[in-house]
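In case you want the letters, here they are:
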There are 4 protein chains.
Amino acid sequence: MKAAIIGATGYGGAELIRILHTHPHVSIHSVHATTMIGESLTKNYSHMRSFIDKEIEAVDIEKIRKEVDVVFTATPSGVAANMAEEFLSAGVKVIDLSGDFRIKNPDIYKEWYKIEPAKSGLVNQAVYGLTEWIEEDLTDVNLISNPGCFPTSALLGLAPVVKSGLVDTNSIIIDAKTGVSGAGKGLSQATHYSETNDNFKAYKINQHQHTPEIEEKIKGWNNKSKFVTFTPHLAPMTRGIMSTMYMTATEKVTEDQLIELYNEMYKDDYFVRIRKKGEYPTTKDVSGSNFCDISITYDERTNRITVISVIDNLVKGASGQAVQNMNKLFGFEEKAGIDFMPLFP
Amino acid sequence: MKAAIIGATGYGGAELIRILHTHPHVSIHSVHATTMIGESLTKNYSHMRSFIDKEIEAVDIEKIRKEVDVVFTATPSGVAANMAEEFLSAGVKVIDLSGDFRIKNPDIYKEWYKIEPAKSGLVNQAVYGLTEWIEEDLTDVNLISNPGCFPTSALLGLAPVVKSGLVDTNSIIIDAKTGVSGAGKGLSQATHYSETNDNFKAYKINQHQHTPEIEEKIKGWNNKSKFVTFTPHLAPMTRGIMSTMYMTATEKVTEDQLIELYNEMYKDDYFVRIRKKGEYPTTKDVSGSNFCDISITYDERTNRITVISVIDNLVKGASGQAVQNMNKLFGFEEKAGIDFMPLFP
Amino acid sequence: MKAAIIGATGYGGAELIRILHTHPHVSIHSVHATTMIGESLTKNYSHMRSFIDKEIEAVDIEKIRKEVDVVFTATPSGVAANMAEEFLSAGVKVIDLSGDFRIKNPDIYKEWYKIEPAKSGLVNQAVYGLTEWIEEDLTDVNLISNPGCFPTSALLGLAPVVKSGLVDTNSIIIDAKTGVSGAGKGLSQATHYSETNDNFKAYKINQHQHTPEIEEKIKGWNNKSKFVTFTPHLAPMTRGIMSTMYMTATEKVTEDQLIELYNEMYKDDYFVRIRKKGEYPTTKDVSGSNFCDISITYDERTNRITVISVIDNLVKGASGQAVQNMNKLFGFEEKAGIDFMPLFP
Amino acid sequence: MKAAIIGATGYGGAELIRILHTHPHVSIHSVHATTMIGESLTKNYSHMRSFIDKEIEAVDIEKIRKEVDVVFTATPSGVAANMAEEFLSAGVKVIDLSGDFRIKNPDIYKEWYKIEPAKSGLVNQAVYGLTEWIEEDLTDVNLISNPGCFPTSALLGLAPVVKSGLVDTNSIIIDAKTGVSGAGKGLSQATHYSETNDNFKAYKINQHQHTPEIEEKIKGWNNKSKFVTFTPHLAPMTRGIMSTMYMTATEKVTEDQLIELYNEMYKDDYFVRIRKKGEYPTTKDVSGSNFCDISITYDERTNRITVISVIDNLVKGASGQAVQNMNKLFGFEEKAGIDFMPLFP
């Protein structure tokens, strides 16, 4: 099987290359971008030397769609929306790592993304690829909308209690901390080393476009849900997301019951690891891997549940999950090519 | 005026020395500890060379109380509780940086600190030194209980809305992130570089002893308050605390009104800086200084207020505020000796 | 084939586990240590969950030597010296990651390590495992002395010019910078986060025990060599070593010739990557991998050659190279189990 | 006395503001730049709030030279060369933090800087402001060329042995490591957080423009000197430079003699602190301060001296030394306004 990667020069693209180059069932056919065309991948990413020496190609949809079975689009907002149809019509499956197909409601998309949404036909045929919670039959599915990094971390941590009706969904507060690689390879004052190192920042309070993505999924699981509060922070580290999530219980529960619930709900999910009582995951526990580690705490005094969920933003939060979705889509083993032990320390 | 520092080898003690050595009205008379006795301060802290070459002395209360006007205790739990009385009875004022006198209710102290509380007579005469909100007349006050680093950050950010009754105090959630210096100079796996660098951790969820300290103060301001949720996290940086705080508004407000309220309430407080609408402070904005920078955000969708409050944990969160309290206690100008511009970048 | 790891709780041991658990020809039979006996590996290292759940066992040589084909000793100085013989006599091959067998001259060992050397019979039968430069026939070899992290980085960068006689070996100066994981999992003030972060330190100037290890090998390559200068530094990062090496050319050379020489000498060595003219490797270029990246620069003005050599101290500088040596010893493909693409960013 | 700062938006300019705003004898009259004109300083640098609220002005030389006594130029190469004369002719003293007047030989300037040198009349009247080693009578001096950050660190560490003739100057190798703030506020891939954090890089090997600056000064001290080797590295930290310097002794010396020599030579220099035998400075020991800490080591085996010299690149390596020079030029106390204790941890 052959794959093309569009947006190969960004961190998401680079991580796709790292993962796919050892995948047992797929080979990287070509890599594409809008910059550095004609140059070698390793000019941009020295670490890839000895592994892959492909030339970066322009995006020639006509050509690509004749040559590959699956396309990964790791592109800025609005790009995949414009090219997906041509791949799909040629029988090429598309896994999109951008936000173009994540929001089903076009008005909400427009409100948060400030650009026109993708065609509704496309949006509707896209399956939201939070792999552990895909409920659709994938037989005839050709377009996967890979979740955002924050929503992946948040939703995996929230699903069991939200689906069980154990929490007041409108009480949910998600305080998220991300490593700086989440901001991508592009330069900005916010990611300039001297002003980022040894510094902690909040950003886009009440305005981050991952908010409606989280809300839409939670509403799908529990129709009483109206909103969540979501606040992203930039932590002085390269990789990793921690979501610390607060919510009020709707009935009497114990910490033991909650942990059991999570273990039960995720018992068939290799990439979700539930922590024992009193243990909390750290972002390094999953660094470089596709795991999501989760801890659950309940406080009788306040009747609040605190869930901690950590992922590597570039793996389970982006390229790892994209490959996990590809595995599901093509009927490969879920772990194929993504079963890395985290790198620690 | 002469000061003695007890616990001079820890980071709080070292920061007191950095601050007091340039104070216009106080001189450091002696420095004390239970380790490194007889050695020079600069053996432990090379950066102090050329500034101070005092020998570290044992804690001889009899001797100290004859020689100084004020004692700073930057000591582990339970130590100041046992020595304060002897200083006070000799007319020496005491500023305690530990938690020994912070909690008025002895049962609550015992429950969270897991040791016996200080004598109630002492606890009751101690004034809680959140400087901006000291309401007591300090004329006859001799014992100041300097707030914890997290409570300083949280309470300065909460006071205006809590005192105004604008928020449901039981909805308050404090998600706090601290630099590693908050864990002190003592060694531990949790502060071992290789496992802390590029890593993000939560700890003591629902169990941190700063929780009741915050709650007691909030109850004092608003008697409907029963509890808060407080979660500390360790961020990979040396200095700084950010508290991100969430709460539900009890009446219709706007962001502009809230910002105006904060500006008004802190208009005479040099060390609190309120940010303009749309700006959020970062921890580096106050690094090395005694400032607390605060931003306020309101979300109509959720009816929630988000307050961000940042301090340098070793300055406003410990030694800087201790000196600010000393200034108030002795009638010096509030800024005396602590008016440092933050170090950036 | 079965392997035992002695010293499994340190970073070297943990990295051996990460590498060996996916090795196609070897399985981890048992893990041993002197602490945490009876506990699960994952209690110490959460990142290993779902991969390995072995119990940490005491070191019972009698038992181990009956059960395994190869033993890795990732132990403190002096430990492997005392246990190697019993493994060897039972036909178990030993790969030692400590310094016990690295120095052939017992007086020099004693002078630098300050303890008694291993028995000379053992030292003499040990082959120094700088894999790319092993010249011995390995047919009957049973004991590999895995090089130190600094010597690996330095010697790979020096070998071509030293062996060619192109440099005055007594002019060699090695300025090395290591990530903090090189100091291990044990706690110390030198690796305490608050004093290590954002800080740069030199240590053991003229006194580091890797000096004679480098010198002995260089003398073996060029008998005019008497000494090198080696200075280690601690950089505020977790993984990685950069050795910047200075030396005077003995004859007229050009940068192009030097680069060609390196390319030629390493043309069959997968894990050594020579950079193009004008490009220098960074430590992240090899992070998490077994690669050693090298750049060569020549300055006509000074007639000096500057070689930069980077490795991941825990992989090529320790456990990766140990497995590479095991592969050679047992006739497996050199890359087996260690062909990881570096993790970037 | 009134000062203007040209280039106020860069890190050097910002640090000048931090230092000058508390200077007892000078006030900041105006701040100038080519960007952000008309905006408040605190829009760019939030940490300055409550201290200074000047508006950033364009560079109107006519106006500035009528209003101030001294001008600091913290500008890119070539800018000060073009404006200095107009200030000088109006009797305004100029302290230039760029490289425009550092190199006396115009051919060498052109070779390394790749642009035309300043007028030789200007270059010749400029005094090189390595404050501890200014030998000129400053009575009629109006133009100070403030040294580069690397040369400051290197030359302070080399001066005693070079001037004493104790070392072969052509054997000098300077391996320097700088924090990322040395690269300034401008954005670049090399200072992008995700690719800089946890990474170590060398750059401009044999090509850095600070090389001839160091060489020229050393030749002035010892006319046998022909060249030095200088290699800069970027370390993952914000502030600080460590220069590790290697050189061969020309006669028999001992470590004790060398340390005594340094103590003697710097006995009147408050800002140079010589370490005791066996102690080495770290960059954090001087962070935020104007100190240069130096250690000296001698190795009998190799007959090499190793000198370690650390500074804060933005203080002693730029703005602090500029103010130290201003103090000398105007006859103020050398320490005035720059006597900060380092910030540790």
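Note that the structure is predicted; figures quoted are calculated from it, not measured.

A.B. asks: Describe the sheet that holds strand 2 (residues 27-32) of chain A, and please don't skip the residues or the numbers.
C.D. replies: Residue and element names in this part refer to chain A. With respect to topology, seven strands assemble into an open sheet ordered 3-2-1-4-5-7-6, the strand pairing being parallel. Edge positions in the open sheet fall to strand 3 (56-57) and strand 6 (127-128), since each of these has one partner strand only. Note that strand 2 and strand 3 share two bridges and pair parallel. Note on strand 3: the bridge partner recorded for Val31 is Ile56. In this fold helix 11 (residues 315-330) packs onto strand 4 (70-73), strand 5 (93-96) and strand 7 (143-145), with an angle of close to 155° to the strand it touches most, strand 5.

A.B. asks: Can you lay out the relation of the copies chain B and chain C for me, pointing to particular residues and giving the numbers?
C.D. replies: When chain B is fitted to chain C, the residual RMSD is 0.0 Å, and the transformation amounts to a turn of 180° plus an axial shift of 0.0 Å. Such a turn and shift between the copies fits a two-fold axis. Among all C-alpha atoms of chain B, that of Tyr193 of chain B lies closest to the rotation axis, at 2.1 Å. Comparing contact sets, 100% of the residues at the interface of chain B also lie at the interface in chain C, consistent with an isologous, same-surface contact.

A.B. asks: So what's going on with the interface of chain A and chain B? Which residues, and what values?
C.D. replies: Counting residues at the interface gives 48 residues for chain A, matched by 48 residues for chain B. Roughly 4000 Å² of surface becomes buried between chain A and chain B when both sides are summed, with 56% attributable to carbon and sulfur atoms. For chain A, the biggest contributors to the area lost against chain B are Phe200, Arg301 and Arg304 of chain A; these three give 17% of the whole. In this structure, the salt-bridge partner of Glu215 of chain B is Arg301 of chain A, at a minimum N-O distance of 2.4 Å. Across the chain A-chain B interface, the total number found is 28 residue pairs in polar contact (both at pLDDT 80 or more). When residues of the side of chain A that touches chain B are traced back to their parent elements, those giving at least two are strand 8 (173-178), helix 8 (193-196), strand 9 (201-202), helix 9 (210-221), strand 10 (229-234), strand 11 (241-248), strand 13 (292-299) and strand 14 (304-311) of chain A.

A.B. asks: How would you explain the interface of chain B and chain C if you had to name every residue and give the values?
C.D. replies: Counting residues at the interface gives 19 residues for chain B and 19 residues for chain C. When the buried area of chain B at its contact with chain C is split by residue, Leu187, His192 and Tyr193 of chain B rank highest and sum to 40% of it. If you look at where chain B meets chain C, you find two salt bridges. One salt bridge connects Lys185 of chain C with Glu195 of chain B, and the closest N-O pair in it is separated by 2.7 Å. Inspection of the region where chain B meets chain C yields 22 residue pairs in polar contact (both at pLDDT 80 or more). Take the side of chain B that touches chain C: its biggest share by element is four residues, from helix 8 (residues 193-196) of chain B. Partitioned by chemical class, the residues of the side of chain B that touches chain C number six nonpolar, eleven polar and two charged.

A.B. asks: For the packing of helix 7 (residues 149-163) of chain B against helix 9 (residues 210-221) of chain B, give the residues involved together with the corresponding values.
C.D. replies: Residue and element names in this part refer to chain B. In contact at an axis separation of 10 Å, helix 7 and helix 9 are set at 25° when each is read in the N-to-C sense. When the interaxial angle is binned, helix 7 and helix 9 end up roughly parallel. Between helix 7 and helix 9 lies a crossing whose hand is right-handed. Counting all contacts with helix 7, which are made through Cys149, Phe150, Pro151, Ala154, Leu155, Leu158, Ala159, Val162 and Lys163, the residues of helix 9 involved are His210, Glu213, Ile214, Lys217, Ile218 and Trp221.

A.B. asks: Residues and numbers for empty space enclosed by the protein, please.
C.D. replies: Counting across every chain of the model gives five cavities of 30 Å³ or more. What lines the largest cavity is a set of 15 residues, among which Asp198 of chain A, Ser287 and Leu343 of chain B, Asp198 of chain C together with Leu343 of chain D lie closest to the centre. Of the residues in the lining of the largest cavity, the class split is four nonpolar, five polar and six charged. Of the pockets and cavities examined, the second largest cavity occupies roughly 200 Å³. As for the second largest cavity, its lining consists of 14 residues, of which Leu343 of chain A, Asp198 of chain B, Ser287 and Leu343 of chain C together with Asp198 of chain D are closest to the centre. Taken together, the residues of the lining of the second largest cavity break down into four nonpolar, four polar and six charged.

A.B. asks: Summarise unusual backbone geometry; cite the residues concerned and give the values.
C.D. replies: The step from Phe344 of chain A to Pro345 of chain A runs through a cis peptide bond, and the omega angle for that step is 0°. Within the secondary structure, Pro345 of chain A sits in the segment after helix 11. Positive phi values are uncommon outside glycine, yet Asp198 of chain B reaches one of about 60°. One can find Asp198 of chain B in the loop between helix 8 and strand 9 (201-202). We classify Asp198 of chain B as buried; its relative accessible area is 10%.

Conventions used here
Residues numbered from 1 in each chain as written. Chains lettered and ligands numbered in written order. Predicted model: local features only at pLDDT ≥ 70, side-chain atom pairs only at ≥ 80, totals over all residues. Heavy atoms only, no water. Pairing = 2+ DSSP bridges. Helix = DSSP H or I, 4+ residues; strand = E, 2+ residues; numbered from the N terminus. Contact = heavy atoms within 4.5 Å. Axes fitted to C-alpha atoms, helices over the stretch in contact; angles between N-to-C directions. Least-squares fit on C-alpha atoms with pLDDT ≥ 70 in both. Buried area = accessible area lost by both parts, 1.4 Å probe. Salt bridge = Lys/Arg side-chain N within 4 Å of Asp/Glu carboxyl O. Polar contact = N/O pair within 3.5 Å; in protein donor to acceptor, adjacent residues only side chain to side chain. Nonpolar A, V, L, I, M, F, W, Y, C, P; charged D, E, K, R; others polar. Parallel < 35°, antiparallel > 145°, perpendicular 65-115°, else oblique. Left-handed = near helix turned anticlockwise from the far one by under 90°. 1 Å grid on protein atoms, 1.4 Å probe; cavity = no way out; pocket = protein on both sides within 12 Å on 5 of 7 lines; lining within 4 Å. Points joined across faces, edges and corners; volume = space filled by probe spheres on them. Buried < 20%, exposed > 50% of the residue type's maximum accessible area, 1.4 Å probe, protein only.

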